[in-house]
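The chain contents come next:
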Amino acid sequence: MSRGYRNQRGGRQQKPPFYEQFMNAADVETGIRFKTLIKGVIQVNPRNSDEAYVRLSDDTPDVFIGGLNDRNRAMHSDEVVVTIKPYNQWKVHVRKFEEYADAQSEISSARGSDSQQGEAQRRKVTTVSDMLSNGSRLAYRTFSAQDVDCQFVQRTGKVVYISKRNHSGLAAGRIKLMKNNNNDAAQFYPVDRRLPLMIVPMSQCPAGFYNRPGSHANKLFLAKVEQWNETGIWPRGTLIECLGEEGDLDVETKVILLNHDVLTNTFSSEVERCLPKRSWTIPAEELTTRKDLRGQCIFTIDPPYSKDLDDALSIEELGDGSYQVGVHIADVSYFVEPDTALDQVACTRATSVHMVNKVVHMLPELLSEDLCSLIPHRDKLTFSVIWEITEKGEILNEWFGRTVINSCVQLTYEHAQKCIEEPNRRWGPGELPPIAKHYNATHVVQRILQLNKLADCIRRKRIESGTLLLDQVDLYYTLDADTGLPMGYTGERDSSKKLVEEFMVLANQAVAQKIYKHYPDLAILRQQPAPKEDQLQKMKDFCEAAGIVMKTGSAKEIMRSLSTLGGQGELQQAKHQLLCKVIARSMQKSQYFCTGTVQDKSLYHHYSLNLPFYTDFSSPIRRYQDILVHRLLAAACRYCARPAHPPEHYQKQMDSCMDKIKNAKSASGDSNELFLSLFIKNRGPLEERAIVKEIFEKSFEVLILNLGVVRKVFLEDLPVKSHKLRMNGKRPELLIKWEQDKQRTKHLITLLTLVDCRLVAKEDKSGWSCVIKRPTEEADFDSDVEDD
């Protein structure tokens, strides 16, 4: 580390460059055009910062970038240009190969020395082992799929140009003295290991830090990369502020947001000038151009504590066996005008970030939680899709237009679920939130039941037509009002949530068709590619090992195979939940695009939904692309002129949005993990039921059913006397011998085994671990288990 600092201190003698000089822009453009250079986004391995990968926009394999020199000052998430090294310099995945070799050795031994399949595996391992021991480099062409079961090499390159700095350069971390005891500067170590160490001025460190560095060992600071030249191993940075003590809930939340490059700065005065006054009311002239729905029974159904209410629902009987159903979405585009400072900041942020204990809004709170939010008992501007639907879920006609509503009640999923489960319940005072005077609980419950019945019909029709539905568990926490710590949690996977989702999908599908019909070159759509073959093969391998028949020719075939696991028994439901998890992991991420930049219409297709056209229209408060879709829909309905920018402009915006959405999802996931760790620490240990997902030699993975979380169980954490991995055909089995006591000692762990778990906080404050309990029932043991 000190060498990097000395290189940056300057002096009379010029230091040799540590990094290569970047290529000039003209040569880069030529190289990309003639495909001698490749552009992509660099992703640094969070577990090993010496490893990075450049992900490309097409289906070609990632490019490996090894070490600081070849990364050439690029930071995680930057858009870079790389050149591919000669094939004899490509990376060999020695660690992956060794894991593979160990596993094949174990499998072949389990199959026996006379097994032809076992002998074939040994030959493959020996061939590759010999080449590695001789120092040979492997290229992709070295082995075919018949020679080895996985790739041990990767295209390797180096960064020659940074086309766009996507990362803000902000980082949370700790400060330490320089190893050479220099009193001019200190070292800043980011918590996020994907970011580089920085050299910060000692003058910006806390008073007395140089003499008493230990007094600041548990404090986290905020720093920013400022300069990174060719001669310095590490960049120079600025120490901005002290965030607080490590372990503090607010500080840890800030760190998560910083680690995922989420913008949390306040909105500028220029943005604030774009906002209406807080006392704003709907202008009288605006009401004359909108369909007035304020007299209808319209309501919202959202997670608890939601304040940014995007969507509302309504249903009315038409008297002939059909219904008028409405989806009403906040008309955010009315307030966010194109090419304003407000529009630009919304595009830059791209999405709201929902943490457990806070929301980082895409838009100022005046809009997010007040003027745009569909708060009950207040007039609100909306964009609506209204259908006439038969009781069998058949759509007779549809209408799109701007509306004004007045929601009569704000319900949570729990409220709606109770209405569905207890249709004849007599609701007492205070059991439901306040309902507008001209409606009561009976009116609302009746409409929820009607919507739920229709949603079931529409869902069945979608499944029949080839939609793949993968139920997932969403965790919602109850927080202590004083401390902010989690007091409890709920795993949501109920009918009420499916009800809302069904009508949002219907609205998004309808809007996609509408905007594409009017603007086939400008429509903002959402597509999902078919799964990659290697991911499908992993899913097939799992199902085969677990004894599950799985057809993967289409989303429809996968859904049919999944439906065979339905049932009311605990094991059947657990299998279904686990398989949903496995299938979801094999799917590719959906992507937003502008139709004018994609000529092949077959690429518009959304695989899981099995729809030719789909978009996002239903969450404009929290997603920027929904605002663009609203503008297109407004133009299609002749409320305004055609959007002014070319397709390439919108595609660039969509690319940026997808990056921000990925970061937001990761931040939300880390927040959930933080609060689950806090809950286990303060309220645990927790007793939970789980199902075995994957088996290794010294550990196995389980899906914890009520949490929807996958965790690894390490045998070294259990009171186990001995263990042995063996193969039963293609099915791995782990034979455990518990330490002797009055109970049975033999325990056979296989795929899809149900186990009882204990979730325990780690003593070093680094999260929590999962251990299984010794079975107490004879049925949990296999009476035929014998020693090998």
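Here the structure is a predicted model, which means the values were calculated and not measured.

How each quantity is defined
Residues numbered from 1 in each chain as written. Predicted model: local features only at pLDDT ≥ 70, side-chain atom pairs only at ≥ 80, totals over all residues. Heavy atoms only, no water. Phe/Tyr/Trp six-rings, centres within 6.5 Å; stacked < 30°, edge-to-face > 60°. Helix = DSSP H or I, 4+ residues; strand = E, 2+ residues; numbered from the N terminus. Buried < 20%, exposed > 50% of the residue type's maximum accessible area, 1.4 Å probe, protein only. Lys NZ or Arg CZ within 6 Å of the ring centre and 35° of its normal. Pairing = 2+ DSSP bridges. Axes fitted to C-alpha atoms, helices over the stretch in contact; angles between N-to-C directions. Parallel < 35°, antiparallel > 145°, perpendicular 65-115°, else oblique. Left-handed = near helix turned anticlockwise from the far one by under 90°. Contact = heavy atoms within 4.5 Å. Nonpolar A, V, L, I, M, F, W, Y, C, P; charged D, E, K, R; others polar. Polar contact = N/O pair within 3.5 Å; in protein donor to acceptor, adjacent residues only side chain to side chain.

1. What about the packing of aromatic side chains?
Reasoning step 1: According to the stated counting rule, one finds 15 aromatic pairs in the structure shown.
Reasoning step 2: With centroids separated by 6.1 Å and ring planes inclined at 55 degrees, the aromatic side chains of Trp280 and Tyr334 adopt a geometry described as tilted. Here Tyr334 lies in the loop between strand 16 (322-330) and helix 9 (341-349) and Trp280 lies in the loop between helix 7 (269-272) and helix 8 (284-287), a separation of 54 residues in the sequence.
Reasoning step 3: Judged by its relative accessible area of 24%, Tyr334 is partly exposed.
Reasoning step 4: Between Phe383 and Tyr639, the aromatic rings sit 6.0 Å apart at their centres with planes inclined by 80 degrees, giving edge-to-face as the arrangement. Highlighted residues: Phe383 in strand 19 (residues 379-390) and Tyr639 in the loop between helix 17 (624-636) and helix 18 (647-683), separated in sequence by 256 residues.
Reasoning step 5: Residue classification places Phe383 among the buried positions, given a relative accessible area of 0%.
Reasoning step 6: Cluster of aromatic residues (ring-pair linked, three or more members): Tyr477, Tyr489, Phe675 and Phe679.
Reasoning step 7: Taking the ring centre of Phe64 as reference, the NZ or CZ of Lys91 above it sits at 4.8 Å.
Reasoning step 8: Cation over ring: Lys712 sits above Phe696, and NZ or CZ is 4.4 Å from the ring centre.

2. What to know about the pairing of strand 20 (residues 395-406)
Reasoning step 1: With two bridges joining them, strand 13 (residues 291-292) and strand 20 adopt parallel strand pairing. Across the sheet, Asp292 pairs through a bridge with Val404, a residue of strand 20.
Reasoning step 2: Inspection of the sheet shows strand 19 paired to strand 20 by eleven bridges, in the antiparallel sense. Paired with Asp379 across the bridge in strand 20 is Asn406.

3. Focus: the pairing of strand 8 (residues 170-177)
Reasoning step 1: Pairing between strand 8 and strand 11 (residues 219-227): four bridges, direction antiparallel. The residue of strand 11 that forms the bridge with Leu170 is Lys224.
Reasoning step 2: For strand 8 and strand 9 (residues 185-190), the ladder comprises five bridges, and the chain directions are antiparallel. Note that in strand 9 the partner of Leu177 across the bridge is Ala186.

4. A word on the packing of helix 14 (residues 533-545) against helix 16 (residues 570-586)
Reasoning step 1: Between helix 14 and helix 16, whose axes approach to 8 Å, the crossing angle comes to 160 degrees. One element, helix 14, and the other, helix 16, form an angle in the roughly antiparallel class. Note on packing geometry: the crossing formed by helix 14 with helix 16 is right-handed. Of the residues in helix 16, those touching helix 14 at Gln535, Met539, Phe542 and Cys543 are Leu578, Leu579, Val582, Ile583, Arg585 and Ser586.
Reasoning step 2: For the contact of helix 14 with helix 16, the class distribution of residues is seven nonpolar, two polar and one charged.

5. Details of the sheet that holds strand 14 (residues 298-302)
Reasoning step 1: Strand order in the open sheet formed by seven strands is 13-20-19-16-15-14-21, with mixed pairing between adjacent strands. The sheet is open, and its two edges are formed by strand 13 and strand 21 (409-412), each paired on a single side.
Reasoning step 2: As paired strands, strand 14 and strand 15 (residues 311-317) are joined by two bridges and run antiparallel to one another. Bridge pairing in strand 15 links Phe299 to Leu313.
Reasoning step 3: Packing of helix 17 onto the sheet brings it into contact with strand 16, strand 19 and strand 20, and relative to strand 19 it is tilted by some 70 degrees.

6. Description of the side chain of Glu286
Reasoning step 1: Topologically, Glu286 is positioned in helix 8.
Reasoning step 2: At 2.7 Å, the side chain of Glu286 and the side chain of Arg290 are in polar contact.
Reasoning step 3: Look past the residues within four positions of Glu286 in its chain and what remains in contact with it is Tyr334 and Leu381.

7. With respect to the sheet that holds strand 26 (residues 686-695)
Reasoning step 1: The five strands lie next to each other as 28-27-26-32-33, forming an open sheet whose pairing is antiparallel. Strands with a single pairing partner mark the edges of an open sheet, and in this sheet they are strand 28 (709-714) and strand 33 (768-772). Going across the sheet, the axis of each strand differs from the next one's by a mean of 45 degrees, ignoring polarity.
Reasoning step 2: Where strand 26 meets strand 27 (residues 699-704), five bridges bridge the pair, whose relative direction is antiparallel. The residue of strand 27 that forms the bridge with Val692 is Val702.

8. Examining the environment of Lys158
Reasoning step 1: With respect to the secondary-structure elements, Lys158 resides in strand 7 (residues 157-164).
Reasoning step 2: A residue is classified by how much of its surface remains accessible, and Lys158, at 23% relative accessible area, is partly exposed.
Reasoning step 3: Along the primary structure Lys158 and Lys85 are separated by 73 residues, whereas in three dimensions their C-alpha atoms are 7.3 Å apart.
Reasoning step 4: Residue contacts for Lys158: discarding those within four places in its chain leaves Glu20, Ile65, Asp70, Val81, Val82, Thr83 and Lys85.
Reasoning step 5: Looking at Lys158, its side chain comes within polar contact range of the side chain of Glu20, at 3.0 Å.

Treat this as a map of the structure, not an account of what it does.
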